[in-house]
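Here is what each chain is made of, one letter per residue.
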Amino acid sequence: AHSLKGAFQDIVPMFQEEYGVPVQVVYGPSQTLRRQIEQGAPIDVFLPESFEEVEKLQKKGLTINGGPRIFAQTSLVLVMATASPAASISFREVFPDRTTRIALVDPKTSALGEITARALTMLNPAYKNRSPLLHAQHSEDVVNLVRTGGAEVGIVYRVDAINSGQVRIIDEAPAGRYTPVQFGEAVVWTCRDASLSAAEDFFNFIMSPRIQKLMLKYGFE
């Protein structure tokens, strides 16, 4: 998941140094990556931004090593450009105001988009009829739209907002109130035999207390 980029800048070099194993990270929308794994893409460990994505693989018998685990949690937030002079607005206020451009991730390609759609449906069932809604590919695109003025506000994960430095949080949907935002991990069926031992090591490395503490530093719960 794109939301892991900041934390993985620290985590991946630590793992490589301690285990002597090179790691190549592929970032992308979680739904897209999950479909690629289903089709046989050469992936060893899958770490999507939604636990549901690894559950879907597990139900199809496409995970190994005991199945998936939850390793981090965050929440959905409404953000505005750090430099914006506009007054803050809440989740409940933003939809009645049809002049405000809202950037959010496309639910057809991303787990973040799917979670956002689910949360907004609970908040305002008619939100899809609202205009203008600007769909982006992933959280970085939403942040860029808000930062450059392409949208007045955007909806991303709290951890994305904290690590961007370009936006400020103006409202937050508490984790679990509307929909759980839980990051999952699994060793998947496409894991190469030569990589299985290292993949299992990485799987456990992410759950170790010191890495969990590091995740807190990057804004995860």
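To be clear, the structure that these remarks concern was listed above.
Quick summary incoming for the structure in this document.

What counts as what
Residues numbered from 1 in each chain as written. Predicted model: local features only at pLDDT ≥ 70, side-chain atom pairs only at ≥ 80, totals over all residues. Heavy atoms only, no water. Pairing = 2+ DSSP bridges. Helix = DSSP H or I, 4+ residues; strand = E, 2+ residues; numbered from the N terminus. Contact = heavy atoms within 4.5 Å. Axes fitted to C-alpha atoms, helices over the stretch in contact; angles between N-to-C directions. Phe/Tyr/Trp six-rings, centres within 6.5 Å; stacked < 30°, edge-to-face > 60°. Buried < 20%, exposed > 50% of the residue type's maximum accessible area, 1.4 Å probe, protein only. Lys, Arg positive; Asp, Glu negative; His and termini not counted. Salt bridge = Lys/Arg side-chain N within 4 Å of Asp/Glu carboxyl O. Polar contact = N/O pair within 3.5 Å; in protein donor to acceptor, adjacent residues only side chain to side chain.

Taken in spatial order, the three strands of this open sheet run β1-β8-β2, and their pairing is antiparallel. The open sheet is flanked by β1 (45-46) and β2 (63-73), the only strands paired with a single partner. For β1 and strand β8 (residues 182-188), the ladder comprises two bridges, and the chain directions are antiparallel. When the sheet's bridge partners are listed, valine 45 is paired in β8 with valine 187. Packing against the sheet, helix α8 (residues 196-207) makes contact with β1, β2 and β8, and its axis sits at approximately 30° to β2.

Next up on the list: the packing of aromatic side chains. Taken as a whole, this structure holds eight aromatic pairs when the rule is applied. Ring centres of phenylalanine 15 and phenylalanine 202 lie 5.0 Å apart, and the angle between their planes is 85°; on these two criteria the pair is classed as edge-to-face. Here phenylalanine 15, found in helix α1 (residues 5-19), pairs with phenylalanine 202, found in helix α8; they are 187 residues apart in sequence, far enough to count as distant. On the accessibility criterion, phenylalanine 15 (1% relative accessible area) is buried. Each ring, one from phenylalanine 71 and one from phenylalanine 183, has its centre 6.3 Å from the other, and the planes form 75°; the classification is edge-to-face. You can see phenylalanine 71 sitting in strand β2 and its partner phenylalanine 183 sitting in strand β8, a full 112 residues away along the chain. For the pair phenylalanine 71 and phenylalanine 183, one class covers both residues: buried. A network of ring pairs unites the aromatic residues Phe8, Phe15, Tyr19, Phe202 and Phe205 as a single cluster.

A word on the side chain of glutamate 49. When you line up the elements, glutamate 49 lands in the loop between β1 and α3 (51-59). One buried charged residue, glutamate 49, forms no salt bridge at all, with the nearest opposite charge on arginine 35 at 11 Å. Of note is the side chain of glutamate 49, whose polar atom sits 2.8 Å from the side chain of serine 110. If we skip the residues at most four places from it in the chain, glutamate 49 touches Ala1, Ser3, Ser30, Ser110, Ala111, Leu112, Ile115, Tyr157, Gln182 and Phe183.

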